[in-house]
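Below, each chain spelled out in residue letters.
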Amino acid sequence: KAGVTQTPRYLIKTRGQQVTLSCSPISGHRSVSWYQQTPGQGLQFLFEYFSETQRNKGNFPGRFSGRQFSNSRSEMNVSTLELGDSALYLCASSLVGAGEKLFFGSGTQLSVL
Amino acid sequence: AQSVTQPDIHITVSEGASLELRCNYSYGATPYLFWYVQSPGQGLQLLLKYFSGDTLVQGIKGFEAEFKRSQSSFNLRKPSVHWSDAAEYFCAVGEPGGTASKLTFGTGTRLQVTL
C-alpha cells in the first residue's frame, strides 16, 4: 500500500506570493491533517480535514487555508507569503476513530525569499 | 493549555548502550501519549502510543515507554541502541477521546549514536 504522498518536495517562492501544497493520503484514510515544522517553533498543528470538512484548526492566521476533495486528497494554501512561512510542511493521514495513528508524508520544504 | 517538555535537546550514546529519552507533559487529564521518530529528510513515524491500561507500552524497533501519572512523564527507553536509531525523537500528546490528528509535540531530542 502506498504511503502518504506530498508534492512538490521542494518549493521556492518570494514574499507576497501564494503557494499550494498537495497531499494524497493512504488509500482508505479519510482524515488528513497538516503540520508546520520549523527549527524555532517545532511541529505545530495547522488543521485537519475529514470528509471534506475542516474538523480541527490550529492557531495560524487566515492566510493558511486548506481543503479536502471527495477522494480524500488535500491541499493547503498559503497566501501573501512571509519569510517566516519558510518551513517543512507535513501532511499526515489516518483512519477514522479516536486515537488512530498518524501516517506522515516526507513533507514539502518551502523556502520564502 | 497542554504542553510537552523534552528537556534534552541532544543526546549522544554509544552503540549497544541503553537509552532513555525524557518527556513530561502538562494537561488537565491523562492525555493520549505518543512517541514519534523522524529521520533526516523524512516524515515522522509512530514508535508507540499510550491511551490507557498497562503503563508500560511496547513499540516498534525495540522501544518501550512507561507512563507515570504521578510524574506526568512518558519516558522512552531502549535497552541496546543501534547506529540506525540515530534520529530525532518527538513526544506528543493528544486530547483524550479526540482524534490523534491534533497533537501537541515537544521540541524533540536529537539522538546521536557513536560506534
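Preceding this section is the structure that the text describes.
Remember, predicted model here, so these are calculated numbers, not experimental data.

(A) Spatial organisation of the pattern of salt bridges. With the rule as written, the count across this model stands at 10 salt bridges over all chains. Measuring nitrogen to oxygen at the nearest pair gives 2.9 Å for the salt bridge that ties Arg22 of chain B to Asp8 of chain B. Taken together, the positions of Arg22 of chain B in the loop between β3 (19–21) and β4 (24–26) and Asp8 of chain B in the loop between β1 (3–5) and β2 (10–14) put the pair 14 residues apart, joining distant regions of the chain. Exposure remark for Arg22 of chain B: the relative accessible area of 39% places this residue in the partly exposed category. With a shortest N-O distance of 2.8 Å, Lys78 of chain B and Asp85 of chain B are connected by a salt bridge. For Asp85 of chain B, a relative accessible area of 4% translates into the label buried. Residues joined by salt bridges that share partners form a network here, namely Arg63, Glu82 and Asp85 of chain A.

(B) Geometry of the environment of Ser14 of chain B. Residue and element names in this part refer to chain B. Topologically, Ser14 is positioned in strand β2. According to the relative accessible area criterion, Ser14 is partly exposed, its value standing at 41%. Between the C-alpha atom of Ser14 and that of Leu115, which follows or precedes it by 101 residues, the distance is 6.0 Å. Setting aside anything within four residues of it in sequence, one finds Ser14 in contact with Val81, Val113 and Thr114. Here the side chain of Ser14 touches Thr114 through a polar contact of 3.5 Å, side chain to side chain.

(C) Region of interest: the layout of surface pockets. The computed volume of the largest pocket comes to approximately 560 Å³. Lining the largest pocket are 23 residues, with Phe45 of chain A together with Gln2, Lys102, Leu103 and Thr104 of chain B sitting closest to its centre. Elements supplying a minimum of two residues to the lining of the largest pocket: β5 (42–50) and β6 (53–57) of chain A together with β1 and β11 (103–105) of chain B. When residues in the lining of the largest pocket are grouped by element, the largest group, four residues, is from β5 of chain A. Residue composition of the lining of the largest pocket, by class: seven nonpolar, 13 polar and three charged. Its volume calculated, the second largest pocket comes out at about 390 Å³. Lining the second largest pocket are 20 residues, with Gln37 of chain A together with Gln38, Glu88, Phe90 and Arg110 of chain B positioned closest to its centre. Among the secondary structure elements, those contributing two or more residues to the lining of the second largest pocket are β4 (31–38) and β9 (87–94) of chain A together with β10 (87–94) of chain B. Its residues assigned to classes, the lining of the second largest pocket comprises six nonpolar, 12 polar and two charged.

(D) Structural view of the state of the cysteines. Residues and elements named next belong to chain A. Using the criterion set out here, one finds two disulfides over all chains in the structure. The side chain of Cys23 participates in a disulfide bridge whose partner is Cys91; the two sulfur atoms lie 1.7 Å from each other. Between Cys23 and Cys91 the disulfide shows an S-S torsion of about -60 degrees. By sign, it is left-handed. On the criterion of sequence distance, the pair formed by Cys23 in strand β3 (residues 19–24) and Cys91 in strand β9 is long-range, its members being 68 residues apart. Both residues of the pair, Cys23 and Cys91, count as buried.

(E) Main features of the sheet that holds strand β8 (residues 74–78) of chain A. All names here are of chain A. In space, the four strands of this open sheet follow the order β1-β3-β8-β7, with antiparallel pairing throughout. If you trace the sheet from one side to the other, it starts and ends with β1 (5–7) and β7 (64–68), each paired once. Shown here is a sheet whose adjacent strand axes are inclined to one another by a mean of 20 degrees, direction ignored. Sheet analysis places β3 next to β8, joined by five bridges and oriented antiparallel. Note on β8: the bridge partner recorded for Leu21 is Met76.

(F) Focus on empty space enclosed by the protein. Residue and element names in this part refer to chain B. Going through the model one piece at a time under the given rule, you end up with one cavity of 30 Å³ or more. One number sums up the size of the largest cavity: a volume of about 50 Å³. Along the walls of the largest cavity sit Val37, Ser39, Leu47, Lys61, Phe63, Ser84, Asp85, Ala86, Ala87 and Tyr89, which together make up its complete lining. Grouping the constituent residues of the lining of the largest cavity by class yields six nonpolar, two polar and two charged.

Cut-offs applied
Residues numbered from 1 in each chain as written. Chains lettered and ligands numbered in written order. Predicted model: local features only at pLDDT ≥ 70, side-chain atom pairs only at ≥ 80, totals over all residues. Heavy atoms only, no water. Salt bridge = Lys/Arg side-chain N within 4 Å of Asp/Glu carboxyl O. Helix = DSSP H or I, 4+ residues; strand = E, 2+ residues; numbered from the N terminus. Buried < 20%, exposed > 50% of the residue type's maximum accessible area, 1.4 Å probe, protein only. Contact = heavy atoms within 4.5 Å. Polar contact = N/O pair within 3.5 Å; in protein donor to acceptor, adjacent residues only side chain to side chain. 1 Å grid on protein atoms, 1.4 Å probe; cavity = no way out; pocket = protein on both sides within 12 Å on 5 of 7 lines; lining within 4 Å. Points joined across faces, edges and corners; volume = space filled by probe spheres on them. Nonpolar A, V, L, I, M, F, W, Y, C, P; charged D, E, K, R; others polar. Disulfide = S-S within 2.5 Å. Pairing = 2+ DSSP bridges. Axes fitted to C-alpha atoms, helices over the stretch in contact; angles between N-to-C directions.

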